[in-house]
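A closer look at the structure
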Amino acid sequence: MRPRQCAHPGRALTHQVIAMTTSAAPHLLPVFARIDLSFDRGEGCWLVATNGERYLDFTSGVAVNALGHCHPHLVAALQAQATKLWHMSNLFQSPDGERLAARLCELSFADFVFFANSGAEAMECAIKVTRRHHAAKGHPERYRIVTFEGAFHGRTLATLAATGSAKYLEGFGPPMDGFDQVPLGDLDAVKKVIGPQTAGILIEPLQGEGGVRAAPQAFFKALRQLCDERGLLLVFDEVQTGIGRTGELFAHRRLGVTPDVMSLAKALGGGFPIGACLATANAAAGMTPGSHGSTFGGNPLAVAAANAVLDVMLKPGFFEHVQRMSLLLKQKLASVIDRHPQVVSEVRGEGLLIGVKAVVPSTDLVTALREQKLLTVGAGENVVRLLPPLIVNEAEIEEAVARLERACVKLSANQTKQAAS
Ligand SMILES: *Cc1c(COP(=O)(O)O)cnc(C)c1O
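Definitions and limits used
Residues numbered from 1 in each chain as written. Predicted model: local features only at pLDDT ≥ 70, side-chain atom pairs only at ≥ 80, totals over all residues. Heavy atoms only, no water. Near = heavy atom within 4 Å. Polar contact = N/O pair within 3.5 Å; in protein donor to acceptor, adjacent residues only side chain to side chain. Areas by Shrake-Rupley, 256 points an atom, 1.4 Å probe, with all protein chains shown as cover. Core = buried A, V, L, I, M, F, W, Y, C linked by side-chain atoms within 4.5 Å. Buried < 20%, exposed > 50% of the residue type's maximum accessible area, 1.4 Å probe, protein only. Helix = DSSP H or I, 4+ residues; strand = E, 2+ residues; numbered from the N terminus. Contact = heavy atoms within 4.5 Å. Pairing = 2+ DSSP bridges. Axes fitted to C-alpha atoms, helices over the stretch in contact; angles between N-to-C directions. 1 Å grid on protein atoms, 1.4 Å probe; cavity = no way out; pocket = protein on both sides within 12 Å on 5 of 7 lines; lining within 4 Å. Points joined across faces, edges and corners; volume = space filled by probe spheres on them. Nonpolar A, V, L, I, M, F, W, Y, C, P; charged D, E, K, R; others polar. Phe/Tyr/Trp six-rings, centres within 6.5 Å; stacked < 30°, edge-to-face > 60°. Lys NZ or Arg CZ within 6 Å of the ring centre and 35° of its normal. Patch = residues over 30% accessible without salt bridge, like charges linked within 9 Å, V, L, I, M, F, W, Y side chains within 5 Å. Salt bridge = Lys/Arg side-chain N within 4 Å of Asp/Glu carboxyl O.

**Digging into the site of the ligand**
Around the ligand, a shell composed of Ser118, Gly119, Ala120, Phe152, His153, Gly154, Glu204, Asp237, Val239, Gln240 and Lys266 is seen. Within the backbone of Gly119, one N or O atom sits 2.8 Å away from an oxygen atom of the ligand. At 2.8 Å from an oxygen atom of the ligand is found a side-chain nitrogen or oxygen belonging to Gln240. Within the complex, the protein chains bury 81% of what would otherwise be the 380 Å² of accessible surface of the ligand.

Laid out in structure tokens, this is it:
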């Protein structure tokens, strides 16, 4: 490693900051509080750490590796594409991109798809589509979007403003204008905030980062009706819920409510970065040549990965399997809660987007689970998310619950000790 010398006095602080952050990654911008654990490879629902230890992965890279690690069909698809063409500019035709878009439209309400590289970018497109729709209809003043407390839509400046959380916005200057946030599930608040400048309503069918928080189905139906009455676009952020996570290809199928615009990303490429914004022809009325773009969007490798994900998910029985595993996991979690009410108090969620509300600090539970070699991820409202790959089997669910049980026993013992001292 290159020796570090503070040749410039002004850089001393920078080096101090670097020295204070994780020593394992002195050059990665310290925006993540990284756990001191790294992985060499994955196999299905399992991850093998660089020290050889095996972990049961109930994070799926935060709802990304829907088909687990190194699914043979995905590996083959990516290897085949890697020998043909890695990148091609959107200046030219994209037959595989068109095939993926056609499949997504066939499977959804949409007529058009824009490919991006991440969830935030898919959301950026969704916001632009929504604003431009009204501009194209002669109402450029209609640009505001109603959003909900507890939402998460990404970390770009526009999606941060949509997210609306003070903790993410602080220090980045005035948040981008055009978002009106109201409490989740509060229809009166929605009605009150809608004005002559409102362009649409943006909501997650099930809040992931916010703590696996649901709103009643009737609320979504009412939003749809409100949008139809007021000429607003209904936008669903399905970046986390979409592509099988909730036991359907799209979470809104379960709600029986169809949006005008939808963003996808996380699981779409099964681990390869790709996002998508889907829209009806009417919603996309403003998106003319030159109005939006992306260098990498719809990259051949990403498109090959996403087409391969759909190949697997569209096989008969795939979603039935997810629903069966969901039921099994929820039942077993309920019995853990019965036995350890001082550690965990509630199971939430749909499909394999499951949240366990912790009584102890959720970070303690995540740590205790990691010590049992079960990887999970925290969320808002002191919830721990269980996001296994959708290919998880019964034995793996039983193993995960056994590990949770052991973690709960340890945490209860700690609590008893603390109470005694
Ligand atoms: C993760 C997530 C995003 C942001 O996706 P990135 O790929 O991190 O930009 C947006 N919306 C929802 C609901 C998400 O869960």
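Still more ground to cover, so stick around.
**Examining the nonpolar core**
Counting residues in hydrophobic clusters, the biggest one holds 66 residues, and the most contacted among them are Leu104, Ile243, Leu264, Leu278, Met313, Leu329 and Leu365. Counting residues per element, this core draws most heavily on helix H12 (residues 318-339), at 9 residues. Not counting residues up to four positions away in its chain, the partners in contact with Leu365 are Val343, Val344, Ala358, Val360, Val384, Leu404 and Leu411. If you look at the next biggest cluster of nonpolar residues, it comprises 20 residues, including Ala189, Ile201, Leu232 and Phe236.

**What to know about the sheet that holds strand E15 (residues 383-386)**
Pairing is antiparallel across the open sheet formed by 4 strands, whose spatial order is E11-E12-E15-E14. The open sheet terminates on both sides in strands that have one partner only, identified here as strand E11 (344-350) and strand E14 (377-379). Shown here is a sheet whose adjacent strand axes are inclined to one another by a mean of 30°, direction ignored. The strands that H12 touches are E11, strand E12 (353-358) and E15; relative to E11, the one it contacts most, it runs at about 170°. Helix H13 (residues 362-371) contacts E11, E12, E14 and E15 of the sheet and is inclined by roughly 35° relative to E15.

**Considerations on the layout of surface pockets**
There is about 500 Å³ of room inside the second largest pocket. Contributing to the lining of the second largest pocket are 19 residues, with Asn90, Ser94, Glu98, Val113 and Phe115 lying nearest its centre. Listed by contribution, the elements that provide at least two residues to the lining of the second largest pocket are helix H4 (95-106) and strand E4 (112-116). Residue contributions to the lining of the second largest pocket peak at 6 residues, all from H4. Split by residue class, the lining of the second largest pocket holds 9 nonpolar, 8 polar and 2 charged.

**Overview of unusual backbone geometry**
One non-glycine residue with positive phi stands out, namely Val62, at about 55°. Tracing the backbone through its elements, the reader meets Val62 in helix H2 (residues 60-63). Using a relative accessible area of 26% as the deciding quantity, one classes Val62 as partly exposed. With a phi angle near 65°, Ala63 is a residue other than glycine that sits in the positive phi range. Assignment of secondary structure puts Ala63 in helix H2.

**Focus: the packing of aromatic side chains**
This model, assessed by the stated rule, comprises 6 aromatic pairs. Between Phe318 and Phe319, the aromatic rings sit 5.4 Å apart at their centres with planes inclined by 85°, giving edge-to-face as the arrangement. In terms of burial, Phe318 and Phe319 fall into one category: buried. Counting every residue linked through ring pairs, the aromatic cluster contains Phe148, Phe219, Phe220 and Phe236. Lying over the aromatic face of Tyr168, Arg155 brings its terminal NZ or CZ to 4.1 Å of the ring centre.

**Re a nonpolar patch on the surface**
A cluster of nonpolar residues, Leu85, Met88, Leu91 and Phe92, forms a patch on the protein surface that exposes about 420 Å² of accessible area. With respect to the secondary-structure elements, Leu85 resides in the loop between helix H3 (72-82) and H4. Leu85 gets classed as partly exposed once you look at its relative accessible area, which sits at 36%.

**Focus: the pattern of salt bridges**
Following the criterion strictly, the structure yields 17 salt bridges and no others. As a salt-bridge pair, Arg385 and Glu209 come within 2.9 Å of each other at their nearest N and O atoms. Taken together, the residues Arg385 in strand E15 and Glu209 in the loop between strand E7 (198-203) and helix H9 (217-230) connect sequence positions 176 residues apart. The buried category is assigned to Arg385, whose relative accessible area is 1%. Since its relative accessible area comes to 23%, Glu209 is described here as partly exposed. A salt bridge links Glu381 to Arg213, with the nearest nitrogen and oxygen atoms 3.2 Å apart.

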